[in-house]
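Residue-level structural notes
Now for the letters of each chain:
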Amino acid sequence: MNQLTEEQYVSRFVRKDDAALRHFVYSLPYEWWSRPYEYAWCSLFVEPTDTVLDAACGISHPFKFHLANHARRTFACDLDPRITSFPSILKEVALDIGEAAAAAVTSTYEEGSITLNQASITDLPYENQLFDKIFCISVLEHLTPADALLALKEFERTLRADGVIVITLDYPAVNLSYFHSIVRQAGLEFYSSFDTAMTGNSLRTEYWGGIHCFRALLRKQS
């Protein structure tokens, strides 16, 4: 992987002093409170030789476009049927973010450089050991605990032996003890330490009753 500090491999709460990218393909909406931090961290793990997946990528979210410009081969999937239509994606970017954002996508992304699939991450339509990197950004909190386990099993199945899974999630929507247990059940392990300590510097929003952002880096069990 890229030259990263050892600390970048630690699974932990995102902190206010972590790097953040307020412009990522386009200027990110203010209400996307955690995305600037998530994108800055996740983007560290993309390499030009990688085959990558943006799992449950969303329609207007920009990470899939970043991957298309920085990885050898990019896949993205979402349950929303609009994901298979680039014009529909552009329309949603314009409606959700603005015309300037849609123009930025058009100018930086070459249509066809992403393989787009309508799919659930609990049943991925990809062959075994296809991906060097799998990215799943703020998705697991939207799944039932059982489906979160199924998703991790699918990530393990489609990940290459030396690949990594880069995940962010909302806490306490995701119980970290349960998350730790399903990582093991799925045949995965944490790439480095798993640190659940929360400090006053941990990134937090008051939306939805108060939420923190947690990041995790996983690999196949050795």
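Residues numbered from 1 in each chain as written. Predicted model: local features only at pLDDT ≥ 70, side-chain atom pairs only at ≥ 80, totals over all residues. Heavy atoms only, no water.

The name an unreviewed UniProt entry gives the protein chain is Class I SAM-dependent methyltransferase, with Paenibacillus albus as the organism.

As a further point, take the side chain of Glu-189. Its place among the elements puts Glu-189 in strand β9 (residues 188-190). Reaching out from Glu-189, the side chain makes a polar contact with the side chain of Ser-222 at a distance of 3.5 Å. If we skip the residues at most four places from it in the chain, Glu-189 touches Val-183, Arg-184, Leu-217, Leu-218, Arg-219, Lys-220, Gln-221 and Ser-222. (Helix = DSSP H or I, 4+ residues; strand = E, 2+ residues; numbered from the N terminus. Polar contact = N/O pair within 3.5 Å; in protein donor to acceptor, adjacent residues only side chain to side chain. Contact = heavy atoms within 4.5 Å.)

The next point concerns the environment of Leu-90. Among the secondary structure elements, Leu-90 is positioned in helix α3 (residues 86-96). Residue Leu-90 is classed as buried on the basis of its relative accessible area, which comes to 18%. Here the alpha-carbon distance between Leu-90 and Thr-168, two residues 78 residues apart in the chain, equals 25 Å. What Leu-90 contacts, discounting residues up to four positions off in sequence, is Ala-102, Val-105 and Thr-106. (Buried < 20%, exposed > 50% of the residue type's maximum accessible area, 1.4 Å probe, protein only.)

With that settled, consider unusual backbone geometry. With the exception of glycine, most residues fall at negative phi, and the peptide bonds are largely trans. Following Tyr-171, the chain continues into Pro-172 via a peptide bond in cis, with omega recorded as 15°. Following the sequence through the fold, Pro-172 ends up in the loop between β8 (159-171) and α6 (176-185). A positive phi is found at Gln-129, a non-glycine position, where the angle reads about 55°. Secondary-structure assignment places Gln-129 in the loop between β6 (114-118) and β7 (131-137).

A large share of β7 lies buried, amounting to seven of its seven residues. Bridge count for strand β4 (residues 51-55) against β7 is three bridges, and the pairing is parallel. Opposite Leu-53, over in β7, you have Ile-134 as the bridge partner. Looking at chain direction, β7 and β8 are connected through six bridges and run parallel. When the sheet's bridge partners are listed, Lys-133 is paired in β8 with Val-164. Taking the sense of rotation as the criterion, the β-α-β connection linking β7, helix α5 (residues 145-158) and β8 turns out right-handed. (Pairing = 2+ DSSP bridges. Right-handed = clockwise from strand over helix to strand, strands pointing away.)

Contact geometry for α3 and helix α4 (residues 99-108): axes closest at 7 Å, N-to-C directions at 145°. Contact residues: α3 offers Phe-86, Leu-90, Val-93 and Ala-94, while α4 offers Glu-99, Ala-101, Ala-102, Val-105 and Thr-106. Along the lines of polarity and charge, the residues of the contact of α3 with α4 split into seven nonpolar, one polar and one charged. (Axes fitted to C-alpha atoms, helices over the stretch in contact; angles between N-to-C directions. Nonpolar A, V, L, I, M, F, W, Y, C, P; charged D, E, K, R; others polar.)

Let us look at the pairing of β8. The pairing of β8 with strand β11 (residues 211-220) spans seven bridges and is antiparallel. Looking at the pairing, Leu-169 lines up with Phe-214 of β11.

Before going further, it helps to examine the pattern of salt bridges. Throughout the structure, instances matching the rule amount to 15 salt bridges. A salt bridge links Arg-12 to Glu-7; the shortest N-O distance between them is 2.5 Å. You can call Glu-7 partly exposed: its relative accessible area is 30%. Put simply, Glu-206 and Arg-204 hold a salt bridge, and the shortest N to O gap is 2.8 Å. Arg-204 sits in the partly exposed class, given a relative accessible area of 38%. One continuous salt-bridge network, built from bridges that share partners, spans Glu-7, Arg-12, Arg-15, Asp-17, Asp-18 and Arg-215. (Salt bridge = Lys/Arg side-chain N within 4 Å of Asp/Glu carboxyl O.)

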